[in-house]
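Summary of the model geometry
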Amino acid sequence: MAYESVKVEKPLSLILLPILSVFTFFSAWELIVDTGIVPSTMLAAPSAVIKLFLIKLTDPNPDGAILAAHAWTSGKEAFIGYLLSLAFGLPLGLLMGWFTVVRGLARPIFELIRPIPPIAWIPLTIFWFGIGIEGKVFIIWLGGVVPCVINAFVGVRMTNPTLIQMARTYGASDWQIFVQLCIPSALPMVFGALQIALVCCWVNLVGAELLAADQGLGYLISMGRRLALPDMVVLGMVCVGFVGAVIGYAIERLECRLLAGIRR
Amino acid sequence: MKSADYASSQYICLERDNMNTPKIVCQNISKIFIQKGTQRVHVLQDISLEVRDNEFLVILGPGQCGKSTLLRIIAGLETPSEGTVLLDGQTVTKPGPDRGLVFQSYMLFAWRTVMGNVEMGPKLNGVPKAERRKIAQHYINLVGLQKFENHYPHQLSGGMKQRVGIARAYANGPQVMLLDEPFGQLDAQTRIFMEQETERIWQTEKRTVLFVTNNIDEAIFLADRIVSLEGKLPGRMASVYDIDLPRPREHTDMKFLHLRQMITDASTLTL
Amino acid sequence: MSAMIKQPTNSGTGDRAIANEVQEAVGEKKPMTIYRVITNEYFLYCVSTVTFLLVWQVIGQSDMFKGALASPVQVVLRFDRMLTDTLAGLTLWGHIWASTSRVLIGFALASAFAIPIGLFMALNPYVDAIIKPVFDIFKPMPPIAWVSIAILWFGIGEPSKIFIIVIGTFVPCLLNAYTGIRLIEPELYDVVKVLGGNRRDEIIQVSFPASFPAIFAGLQISLSNAWTCVLAAELVASRSGLGFIIVQGMKMSDTSLVIGGMVIIAIVAWTTSLLVIILEKLVCPWKRKLEGF
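Rules behind the numbers
Residues numbered from 1 in each chain as written. Chains lettered and ligands numbered in written order. Predicted model: local features only at pLDDT ≥ 70, side-chain atom pairs only at ≥ 80, totals over all residues. Heavy atoms only, no water. Helix = DSSP H or I, 4+ residues; strand = E, 2+ residues; numbered from the N terminus. Rg over C-alpha atoms; globule rule 2.2 N^0.38 Å. Buried < 20%, exposed > 50% of the residue type's maximum accessible area, 1.4 Å probe, protein only. Contact = heavy atoms within 4.5 Å. Areas by Shrake-Rupley, 256 points an atom, 1.4 Å probe, with all protein chains shown as cover. Lys, Arg positive; Asp, Glu negative; His and termini not counted. Charge placed at Lys NZ, Arg CZ, Asp CG, Glu CD. Patch = residues over 30% accessible without salt bridge, like charges linked within 9 Å, V, L, I, M, F, W, Y side chains within 5 Å. Salt bridge = Lys/Arg side-chain N within 4 Å of Asp/Glu carboxyl O. Pairing = 2+ DSSP bridges. Right-handed = clockwise from strand over helix to strand, strands pointing away. Disulfide = S-S within 2.5 Å. Core = buried A, V, L, I, M, F, W, Y, C linked by side-chain atoms within 4.5 Å. Polar contact = N/O pair within 3.5 Å; in protein donor to acceptor, adjacent residues only side chain to side chain. Nonpolar A, V, L, I, M, F, W, Y, C, P; charged D, E, K, R; others polar. pLDDT = per-residue confidence, 0-100. Axes fitted to C-alpha atoms, helices over the stretch in contact; angles between N-to-C directions. Phe/Tyr/Trp six-rings, centres within 6.5 Å; stacked < 30°, edge-to-face > 60°. Lys NZ or Arg CZ within 6 Å of the ring centre and 35° of its normal.

The subject of this paragraph is the overall build of chain B. Helix and strand counts for chain B come out as eight helices and 10 strands. Against the compact-globule benchmark of 18 Å for 271 residues, chain B has a radius of gyration of 19 Å, which places it among compact chains. In terms of overall dimensions, chain B has C-alpha extents of about 55 × 50 × 40 Å along its principal axes. The burial tally for chain B puts 56% of its 271 residues in the buried class. Of the contacts made within chain B by residues no fewer than 6 positions apart, 70% connect residues no fewer than 24 positions apart. Just so you have it, chain B exposes about 11,800 Å², and 50% of that area is on carbon and sulfur atoms. Counting 32 positive and 30 negative side-chain charges, chain B places the centres of these two groups 8 Å from one another.

Dropping the structure here:
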């Protein structure tokens, strides 16, 4: 009987403070660069970043591609890696959750590979795949597959035991219980995995491109460093952050929609 | 003061002349919550009642009738939209150590042992360590949890958890005990046992008790007086029953069963 | 990053074990049949590990990868040599310590700042209103993206590596401390109020202890982020550390060095996260054991 009394009016200061705070942040950033407190070889002012953004929309120099091409390359790699990690990780996690044999066989290998940060695989993937798209997709896949397996696994393990017993008394086979009961009850966790995996994939994308690439947002950042152009570095970071935030928000909305029917 | 409107006149439902001065007086209490910014929920309407000193008063009502809200208002955790609550003639505005509250969902501090939970009240009120240990130990013994002082809440069963909750409220030395469906989460057998324990504890440490429940048996077993609320929002007073059965009471006693029948009939009328 | 936080909260109901396991636990001892042995989980663990190593060994010895995959035996022999020989002036222990000390310094710095800020934000709406919007701008940026700017600012020395680790660990630490307090049951504060406590008592007696588990979950995420960051920093530019070993292996086309470096990172990262778990057990002895992964 937890009734909550909602305050109807928010204090005006709480509405104004966030706006003021963001405004102060950007003007301070602009000022410390413009006044030369921080040299412009180290940090680019927001105005310079915006200017470069407008230039990069059409001009492929000096890094070889326009911004849209970088974003398209990165998005493509991340998306392929993401889909592959879902296609592999979710079924594996679900099966590991229910079938002892799968769990027994897959878990030790998974536990061996899990603590290795995906970017540690970069040298090996360069040996194996060269610096083409396959290597990057592999790194991204490694990042996404871990949360997929874990969430699907935990989701199945959290199936209400009483429901399983109920199904057994009705004479359901192991496979039927798995398909009809375990997978539906793991769905909320699986949707959680969709979100976490996407974030992991996107983070690893930057790592993969930082070391071996010829196009992509991560490549834009490392080119900015090599050419000592801080505005390009910051532009790349802002793009990566912005796209990441948009994807995260979109998935969250999608999850709310899809889960509305499952959660009461 | 507006007296309760009686659901059925054939039964003896009356407010006796008070021998003692009332400990708690609720005057025309109404409560309206605002949900999601605009939606108004009328939870309580025009509740007036008096609780005598050392009386065991049970507020009886089905789920969602605002009885917990009434208790929270008396505890000072909510402010009534209309009306006032007087404790010893003083208006209640905020929670205080003179009222002890026991929660339905125990609300123990998971990070403190049984001892740590029970001594919390004296600790917050600045009682020195040795003394508050002694007080806490007294109440731990009273609720029968000796040897469990150093257990953490997750190591205890539901009944034991609520004993800690009761001991914690008692250890703060309140004049009034407020219990909000304290046994709602317990199984039937534990519940009956805990009711007997509650009566025993109340007999040892006489306090004014306000006990909220949705269980008619529990109400008759414990109460000096039962105030029943209507079973829909907004909660209104339905009837008041005096329970004159001698203690300890028997669930199978004829008078007990008769009372039970009477209250059941009356409450179905109000639904 | 915000999604990471789901893991600790989601496993909250993990103590409801799966039904057939409960039955096994209380069930009577069954006779040992071949079927029961080959479906035993621990037996399968051994089978799987041994098979994995064997297959790896066979593939590594064959020409399938054209020398791009060292066999486990080669890796072990290579690292046995590393214990005494030096690479860029440091033995294996030296490189392990170089990476670990970076992680520990960055991790300690970040948690020392991030956790108090997170707690402060959750407890005071005005602090929240000021810091949250700026924090939200930085939140979605992958920590690895900061490697470049760190090198522009601090060069390729130690400060730039520690800076990257601080950035990478800051976000999960702060977020978990923040949500840890936000998710506290409001009725727990009522308990303190009813017992006669003031706002300060509520914070000390309820807010802080109740947020510990969430903070520790944040520390775990931070730690794994810290290892990713230190590797990224060392892969880009360094003269010591485990990332450096891997890069050297790549430059010298010595896959046994690369794979060995990866294995050692896994072991060291796993050990440090075990240390955090032990620390949590010491600080929160009241926490119920949860069945996670």
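Once that is clear, we can look at the overall build of chain A. Along its length, chain A carries 10 helices and zero strands. Going residue by residue from the N terminus, the α and β elements of chain A occur as α-α-α-α-α-α-α-α-α-α. Rg of the C-alpha trace for chain A: 24 Å, well past the compact-globule value of 18 Å for 264 residues, more than 25% over. Expressed along its principal axes, the backbone C-alpha trace of chain A runs to roughly 75 × 60 × 30 Å. Buried positions account for 50% of the 264 residues belonging to chain A.

On to a nonpolar patch on the surface. A cluster of nonpolar side chains, contributed by C:F212, C:W270, C:L274, C:L275, C:I277, C:I278, C:L279, C:L282 and C:V283, occupies part of the molecular surface with about 830 Å² of accessible area. Residue contributions to the nonpolar patch peak at eight residues, all from helix α13 (residues 255-283) of chain C.

Here we take up the sheet that holds strand β4 (residues 82-87) of chain B. All names here are of chain B. With respect to topology, four strands assemble into an open sheet ordered β2-β1-β4-β5, the strand pairing being antiparallel. In the strand order of this sheet, the two ends are held by β2 (39-52) and β5 (90-91), each with one partner. Here β4 runs beside β5; their pairing, made up of two bridges, is antiparallel. Bridge pairing in β5 links L86 to T91.

The next point concerns the pairing of strand β7 (residues 176-180) of chain B. Residue and element names in this part refer to chain B. Judged by how many residues are buried, β7 sits mostly within the fold: five of five residues are covered. In β7, alternate side chains face the same way, and those of V176, L178 and D180 on one face and M177 and L179 on the other are all buried. In the sheet, strand β6 (residues 99-102) pairs with β7 via four bridges, with the strands oriented parallel. What sits directly across from R99, in β7, is V176. Following the backbone out of β7, through helix α6 (residues 188-204) and into the adjacent parallel strand β8 (residues 208-213), one traces a crossover that is right-handed.

Turning our eyes to something else, we now look at the state of the cysteines. Should the sulfur atoms of two cysteines be covalently bonded, the bond is a disulfide. Residue and element names in this part refer to chain A. Here the structure, examined in full by the defined rule, presents zero disulfides over all chains. As a non-bridged cysteine, C148 has C201 as the owner of its nearest cysteine sulfur, 7.4 Å distant. Overall, C148 belongs to the buried group, its relative accessible area being 0%.

Attention now goes to the environment of B:L233. Residues and elements named next belong to chain B. Topologically, L233 is positioned in the loop between β9 (225-229) and β10 (237-242). Since its relative accessible area comes to 33%, L233 is described here as partly exposed. With 169 residues separating them in the primary sequence, L233 and Q64 have C-alpha atoms 7.2 Å apart.

Of all hydrophobic cores here, the largest spans 189 residues; its most connected members are B:I24, B:L49 and B:L210. A total of 20 residues in this core trace back to one element, the largest contributor, which is helix α8 (residues 174-211) of chain A. Leave out the neighbours within four places in its chain, and B:L210 touches B:I24, B:V51, B:L57, B:I59, B:L71, B:I74, B:M177, B:L178 and B:L179. Membership of the second largest hydrophobic core comes to 47 residues, among which are B:Y106, B:V164, B:I166 and B:I243.

Facing 67 residues of chain C, the contacting portion of chain A comprises 73 residues. Taken together, chain C and chain A are joined by zero salt bridges. The interface formed by chain C and chain A includes four residue pairs in polar contact (both at pLDDT 80 or more). Looking at the side of chain C that touches chain A, the elements that each hand over two or more residues are α1 (6-10), α2 (19-26), α4 (41-61), α7 (125-138), α8 (146-154), α11 (199-236), α12 (242-251) and α13 of chain C. Ranked by residues supplied to the side of chain C that touches chain A, first place goes to α7(C) with eight residues. Across the side of chain C that touches chain A, the residue classes break down as 47 nonpolar, 14 polar and six charged.

Our next topic: the confidence of the model for chain A. Residues and elements named next belong to chain A. Averaged over every residue, the pLDDT of chain A is 84; the share at 70 or more is 94%. Helix α10 (residues 230-259) is the least confidently modelled element of chain A, averaging 83 in pLDDT, while helix α3 (residues 67-98) averages 91, the highest of any element. Low pLDDT, under 50, characterises residues 1-7; the predicted model gives this stretch 20 contacts beyond four residues in sequence or across chains.

For the rest of this paragraph, the subject is the sheet that holds β8(B). All names here are of chain B. Taken in spatial order, the six strands line up as β6-β7-β8-β3-β9-β10 in an open sheet, and their pairing is mixed. Two strands lie at the open edges of the sheet, namely β6 and β10, each paired on one side alone. The sheet shows a mean angle of 15° between the axes of neighbouring strands, direction not considered. Here strand β3 (residues 56-60) runs beside β9; their pairing, made up of four bridges, is parallel. Counted as the bridge partner of L60 is S228 from β9. Of the strands in this sheet, β6 and β7 touch helix α5 (residues 158-171), which is tilted by about 170° from β6.

What follows covers the packing of aromatic side chains. Per the counting criterion, the structure on display carries 25 aromatic pairs over all chains. Between B:F56 and B:W202, the ring centres sit 5.2 Å apart and the planes meet at 85°, which makes this aromatic pair edge-to-face. Here B:W202 lies in helix α6 and B:F56 lies in strand β3, a separation of 146 residues in the sequence. When its relative accessible area of 1% is taken as the criterion, B:F56 is described as buried. Members of the aromatic cluster, joined through ring pairs, are A:F25, A:F26, A:W29, C:F138, C:W146, C:W153, C:F154 and C:F163. In this structure, B:K31 is placed above the aromatic ring of B:F33, and the distance from its NZ or CZ to the ring centre is 5.0 Å. One cation-aromatic arrangement involves B:K206 over B:W202; the distance from NZ or CZ to the ring centre is 3.7 Å.

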